[in-house]
Amino acid sequence: MMGAVWSLLGILSGAFIAIQAPINSQLARGLGLPVAAAAFSFLSGAIVLGIIAFAVVRLQGISLDWKAPAPWLFIAGGMLGGFYVTLSTILTPRIGAAALMAFLVAGQLLAGMLIDRAGFLGVAVREISLGRVAGAVLLLAGALLIRLY
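Starting afresh in each chain, residues are numbered from 1 along the sequence in its written order. With pLDDT at 70 or above as the cut-off, local features in this predicted model cover only qualifying residues; side-chain atom pairs require 80 or more to be listed or tallied, and sums for whole chains, interfaces and linings still use all residues. In computing side-chain properties, one takes all heavy atoms of the structure into account and sets aside hydrogens as well as water.

Trainee: Outline the overall build of the protein chain, supporting the account with residue identities and numerical values.
Mentor: Each helix and strand counted, the protein chain has five helices and zero strands in total. The helix count covers DSSP runs of H or I at least four residues long, the strand count covers runs of E at least two residues long, and both are numbered beginning at the N terminus. Its helices and strands in sequence order give the protein chain the pattern α-α-α-α-α, from N to C terminus. Projected onto the principal axes, the alpha-carbon positions of the protein chain cover approximately 50 × 45 × 35 Å. Burial classes: relative accessible area under 20% of the type maximum marks a residue as buried, over 50% as exposed, and values in between as partly exposed (1.4 Å probe, protein chains only). Within the protein chain, buried positions represent 17% of all 149 residues. Any two residues having at least one pair of non-hydrogen atoms within 4.5 Å are treated as being in contact. In the protein chain, the proportion of contacts linking residues at least 24 apart, taken out of those at least 6 apart, comes to 59%. Shrake-Rupley sampling with a 1.4 Å probe provides the accessible areas, and residues are treated as covered by the protein chains on show and by no other component. Accessible surface computed for the protein chain: about 10,600 Å², of which carbon and sulfur atoms make up 76%.

In C-alpha cells:
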C-alpha cells in the first residue's frame with residue numbers, strides 16, 4: 001500500500017515541476033530577467049521551508065546537527081537547483097512545457113543511471129543493464145518526438 005502512496009507522491013512531485021516552469025517563466029516575463037525569477041522562486045521556497053523546518057524541530061523537540069554534513073553539501077543542492085530553475089524558466093517559453101518535461105526526465109534518467117552505477121554518495125549500486133539502456137533510449141526517443149511534433 002505504501003509503495004502506491006510513494007509512487008503517487010512521485011507523480012505529484014513531477015506535476016509540481018511541470019506547473020512551476022510556466023509560473024516562473026511568466027514571472028520572468030514580468031520582471032524582465034529569468035535569473036531574477038529563479039531567485040525569487042528560491043527565496044519564497046526557502047522562507048516556506050525554513051518555517052516548516054522550524055515548526056518540525058520545535059514540535060518534535062529535536063535539534064539539527066549542523067556539523068555532521070560535509071560543508072559542500074550545504075551549497076551543492078541549492079546551486080544545482082538554481083541552475084535547474086533558471087534554465088527551466090528560460091526554456092519553457094522557447095520549447096514548451098511538455099518538451100521541457102520530456103528532456104528533464106530524460107536527463108534525470110541518464111544521470112540517475114550513472115549515479116546508481118557509481119553508488120554516488122551512498123546510493124545503492126545498480127548495474128547498467130540492457131533493459132535500462134533500452135528504457136533510456138526509448139525515453140530519449142520519446143522526448144525528441146514530443147519536441148519535434
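Trainee: Let's hear about the packing of helix α4 (residues 97-118) against helix α5 (residues 130-148): which residues, and what values?
Mentor: α5 packs onto α4 with a crossing angle of 160 degrees between their chain directions and a minimal axis gap of 8 Å. Judged by the inter-axis angle, α4 sits roughly antiparallel to α5. Along this stretch, α4 crosses α5, giving a crossing that reads as left-handed. Facing Ala98, Ala99, Ala102, Phe103, Val105, Ala106, Leu109, Leu110, Met113 and Asp116 of α4, the residues of α5 in contact are Arg132, Val133, Gly135, Ala136, Leu139, Leu140, Ala143, Leu144, Ile146 and Arg147. An axis is simply a line fitted to the C-alpha atoms; with a helix, the fit covers only the stretch in contact. Between two such axes, the angle follows the N-to-C directions and lies from 0 to 180 degrees. Oblique is the label for any angle not covered by the other classes, which are roughly parallel (under 35 degrees), roughly antiparallel (over 145) and roughly perpendicular (65 to 115). It is the rotation of the near helix from the far one that decides the hand of a crossing: anticlockwise by less than a right angle makes it left-handed, clockwise makes it right-handed.

Trainee: Give a description of the environment of leucine 114 that names residues and reports values.
Mentor: Assignment of secondary structure puts leucine 114 in helix α4. You can call leucine 114 exposed: its relative accessible area is 56%. In the structure, leucine 114 is positioned 11 residues away from valine 125 in sequence and 9.6 Å away in space, judged by C-alpha atoms.

Trainee: Provide a residue-level description of the side chain of aspartate 116, including the pertinent values.
Mentor: Tracing the chain through its elements places aspartate 116 in helix α4. Reaching out from aspartate 116, the side chain makes a polar contact with the side chain of arginine 132 at a distance of 3.2 Å. Beyond its immediate stretch of four places on either side in the chain, aspartate 116 contacts Val123, Ala124, Val125, Arg126 and Arg132. Counting of polar contacts relies on pairs of N or O atoms within 3.5 Å, with two restrictions inside protein: one atom must be capable of donating a hydrogen and the other of accepting it, and residues adjacent in sequence are counted only when both atoms are side-chain atoms.

Trainee: Could you give an account of the pattern of salt bridges, with specific residues and numbers?
Mentor: Only one rule defines a salt bridge in this text: a Lys or Arg side-chain nitrogen within 4 Å of an Asp or Glu carboxyl oxygen. Summed over the entire model, instances satisfying the criterion amount to two salt bridges. Where aspartate 116 meets arginine 132, a salt bridge forms, and the shortest distance between an N and an O atom there is 3.2 Å. With aspartate 116 in helix α4 and arginine 132 in helix α5, the pair connects residues that are 16 residues apart, well separated along the chain. Exposure remark for aspartate 116: the relative accessible area of 16% places this residue in the buried category. Here arginine 132 falls in the partly exposed class, since its relative accessible area comes to 28%. For glutamate 127, the salt bridge goes to arginine 117, with nearest N and O atoms at 3.4 Å. With glutamate 127 in the loop between α4 and α5 and arginine 117 in helix α4, this pair connects stretches of sequence that are 10 residues apart.

Trainee: Can you lay out unusual backbone geometry for me, pointing to particular residues and giving the numbers?
Mentor: Leaving glycine aside, a negative phi is the common case for residues, and trans is the common case for peptide bonds. A positive phi angle is found at leucine 121, which is not glycine, with a value near 55 degrees. With respect to the helices and strands, the residue leucine 121 is situated in the loop between α4 and α5.

Trainee: Any chance you could break down the packing of aromatic side chains for me, citing the residues and the numbers?
Mentor: We call Phe, Tyr and Trp rings a pair once their centres come within 6.5 Å, taking the six-membered ring for Trp, and we label the pair stacked below 30 degrees between planes, edge-to-face above 60, and tilted otherwise. All chains considered together, the criterion is met by one aromatic pair. With 6.1 Å between their ring centres and 20 degrees between their planes, tryptophan 66 and phenylalanine 74 make a pair best called stacked. The exposure class of phenylalanine 74 is partly exposed, given its relative accessible area of 44%.

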